[in-house]
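Below, each chain spelled out in residue letters.
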Amino acid sequence: MGGGERFELPGVRGRMERLELASGLVLYRVDYRAGEDCTLQLDRPTFQQPWIGSIFHIQGRSGMELPDGSRHDVSPERALLVRTDISGTCFHLSSGEQVRHIGVACTLDVLRDHLDGELPATLTPFLGGFGEQVVVRALHPSGRMRQLAASLFAVHAQGLCRGMKMEGAALLFLSEILENYCDSPVTEELPAWEEQAFLEIRDAIVDNPGAPLSIPALADRAGLSESRLNQLFQHREKRSCAEFIRGERLDQAQRLLETGDAPVKVVAAQVGYGHVSNFSRAYRARFGEPPARTLRRALTR
């Protein structure tokens, strides 16, 4: 990250950046590591008028506790749309957790302007006068959302036109998360046998993502056509079967690199990548940094 403000709190070291953009959006980029179990508390709301914001961890996990006592997990698999008018929101971190966080927020007036003067009915829970509102809605991040979040940490987010690049990426990120939330279809009930087949295939991928996994073989194993298998993954995971496999492989690669026990080439092979260049490109796209940097950070702890 370039610029930003370095902060030191009990148990935490990292860098935080808050950018007020010309479009009326506020962008937060946070990269920190917890040296011990600790809690970070926000002193005040993002705005002093009705607003909406997003919370997404590209890397790492934390537990968000709101002033009303409710708790919500934040992770690469679970993004949040939020509005909290009351101060006192806390993030609970576990020792050793490395968190890379993106947040984009704006007032409802600014959002209304970007949407040609009208807010969709699905955002009704976030509307109303400023005061005691505490609203959280969870959603599964799309592949596009992950790419946009990672791009906000990438090297090309620096330089002479940095502000313009950040502005564009922040607008795209917020629009993607809003469309993900507003356009989510009603969940349909699956036949019991399809539900069981899907869960068996999903668990097999999660248990060993580095194994040779082909869509035709998985579909045959489940007794489904390839197109139906992909429909089930789109329905339940909001991504295709191939995208799910790729995500699980990269998540496992991150865990392996963070141990510092093996070089990048070995980790790439362990998670099913035959070419290190392909692995590095996919890893950077998901996490916003090359695998070598993750490994280097692990080795210097």
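Positions within a chain are numbered from 1, following the residues in the order the chain's sequence is written. Local features in this predicted model are restricted to residues of pLDDT 70 or higher, and side-chain atom pairs are both shown and tallied only at a pLDDT of 80 or more, whereas totals for entire chains, interfaces and linings draw on every residue. In computing side-chain values, all of the structure's heavy atoms are included and hydrogens and water are not.

- The protein chain is annotated in an unreviewed UniProt entry as Helix-turn-helix transcriptional regulator of Alloalcanivorax gelatiniphagus.

1. Section: the packing of aromatic side chains
Line of reasoning, step 1. Stacked, edge-to-face and tilted labels apply to pairs of Phe, Tyr and Trp rings (six-membered ring for Trp) whose centres lie within 6.5 Å, assigned for plane angles under 30 degrees, over 60, and everything in between, in that order. Applying the stated criterion to the full structure yields eight aromatic pairs.
Line of reasoning, step 2. For the ring pair F126 and Y181, a centre distance of 6.2 Å and an interplane angle of 90 degrees mean the geometry is edge-to-face. In this pair, F126 is assigned in the loop between α1 (108–114) and β11 (134–139) and Y181 in helix α3 (residues 162–182), connecting sequence segments 55 residues apart. Of the two residues, F126 and Y181, both sit in the buried class. Comment: elements are numbered from the N terminus, with helices defined as DSSP H or I runs of at least four residues and strands as E runs of at least two. Only protein chains enter the calculation, and the probe is 1.4 Å; a residue is then buried if its accessible area is under 20% of its type maximum, exposed if over 50%, and partly exposed in between.

2. Quick word on the sheet that holds strand β6 (residues 62–65)
Line of reasoning, step 1. Strands are treated as partners if at least two bridges between them are detected by DSSP. Read from one edge of the open sheet, four strands run β4-β9-β6-β7, paired in antiparallel fashion. The open sheet is flanked by β4 (38–41) and β7 (71–74), the only strands paired with a single partner. Each strand of the sheet is rotated relative to its neighbour by a mean of 25 degrees, with strand direction disregarded.
Line of reasoning, step 2. Two elements, β6 and β7, share four bridges in a ladder whose sense is antiparallel. From the neighbouring strand, M64 faces β7, where its bridge partner is H72. Lines are fitted to the C-alpha atoms to define the axes, a helix being fitted only along its stretch in contact, and any angle between axes, read from their N-to-C directions, falls within 0 to 180 degrees.

3. Here we look at the environment of L111
Line of reasoning, step 1. As for its position among the elements, L111 is in helix α1.
Line of reasoning, step 2. Separated by 86 residues in sequence, L111 and L25 place their C-alpha atoms 8.7 Å apart.
Line of reasoning, step 3. In contact with L111, other than residues within four places in its own chain, are I52, C106, L119, L123 and L178. Whether two residues are in contact is decided by their heavy atoms, any of which lying within 4.5 Å being enough.

4. Observations regarding the packing of helix α6 (residues 226–237) against helix α7 (residues 241–259)
Line of reasoning, step 1. At a minimum axis separation of 8 Å, α6 and α7 run at an interaxial angle of 60 degrees. Between α6 and α7, the angle is such that the two are oblique. Every residue of α7 that contacts α6 at L229, N230, F233, Q234 and E237 is listed here: C241, A242, E243 and F244.
Line of reasoning, step 2. Split by residue class, the contact of α6 with α7 holds five nonpolar, two polar and two charged. Note that the term roughly parallel is reserved for angles under 35 degrees, roughly antiparallel for angles over 145, roughly perpendicular for angles of 65 to 115, and oblique for everything else. Classification used: nonpolar for Ala, Val, Leu, Ile, Met, Phe, Trp, Tyr, Cys and Pro, charged for Asp, Glu, Lys and Arg, polar for all others including Gly.

5. Some remarks on the side chain of T294
Line of reasoning, step 1. Here T294 shows up in helix α10 (residues 291–299).
Line of reasoning, step 2. Relative accessible area serves as the criterion here: at 1%, T294 is assigned to the buried category.
Line of reasoning, step 3. Dropping the residues within four chain positions of it, T294 is found in contact with L257, E258, Y283 and E289.

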